[in-house]
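Structure assessment
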Amino acid sequence: MLGFLRSDPKKKLQKAYEDKLTKALKAQRNGDLRTHGTLMEEAEKIYAEIRALEEKN
């Protein structure tokens, strides 16, 4: 009945994915390639979760 009040897990994951990519870009621009690699790895994991949700629906 109040389905519009439920949060969308895909939106939340998409926001986290975009935040990780932004942080990774800033780290790369600052020359911190180790942090960039770590953040990109985390972003890839989040992207895999997003893909799994899309396939499920």
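What this report covers is the structure whose coordinates are included nearby. (Residues numbered from 1 in each chain as written. Predicted model: local features only at pLDDT ≥ 70, side-chain atom pairs only at ≥ 80, totals over all residues. Heavy atoms only, no water.)

The next point concerns the pattern of salt bridges. Across all of its chains, the model carries 4 salt bridges by this definition. With a shortest N-O distance of 4.0 Å, Glu41 and Lys45 are connected by a salt bridge. In this pair, Glu41 and Lys45 both sit in helix α2 (residues 33-56), 4 residues apart, roughly one turn of the helix. With a relative accessible area of 46%, Glu41 lands in the partly exposed category. (Salt bridge = Lys/Arg side-chain N within 4 Å of Asp/Glu carboxyl O. Helix = DSSP H or I, 4+ residues; strand = E, 2+ residues; numbered from the N terminus. Buried < 20%, exposed > 50% of the residue type's maximum accessible area, 1.4 Å probe, protein only.)

Looking now at helix α1 (residues 9-29). With 21 residues, α1 ought to run about 30 Å at 1.5 Å a step, and its terminal C-alpha atoms sit 30 Å apart, in line with that. All buried positions along α1 are accounted for by Leu13, Tyr17, Ala24 and Ala27. The buried residues of α1 occupy one face: seen down the axis, they fall within an arc of 90°. Looking at α1, the residues exposed on the side facing more than 90 degrees away from the buried face are Lys11, Lys12, Lys23, Lys26 and Arg29. Turning to α1, the residues buried within the fold contact α2. Two residues or fewer past α1, Gly31 is found with a positive phi of approximately 85°. (Expected span 1.5 Å × (residues − 1). Arc of directions from axis to C-beta. Contact = heavy atoms within 4.5 Å.)

Scope: geometric values only; no functional claims are made or implied.
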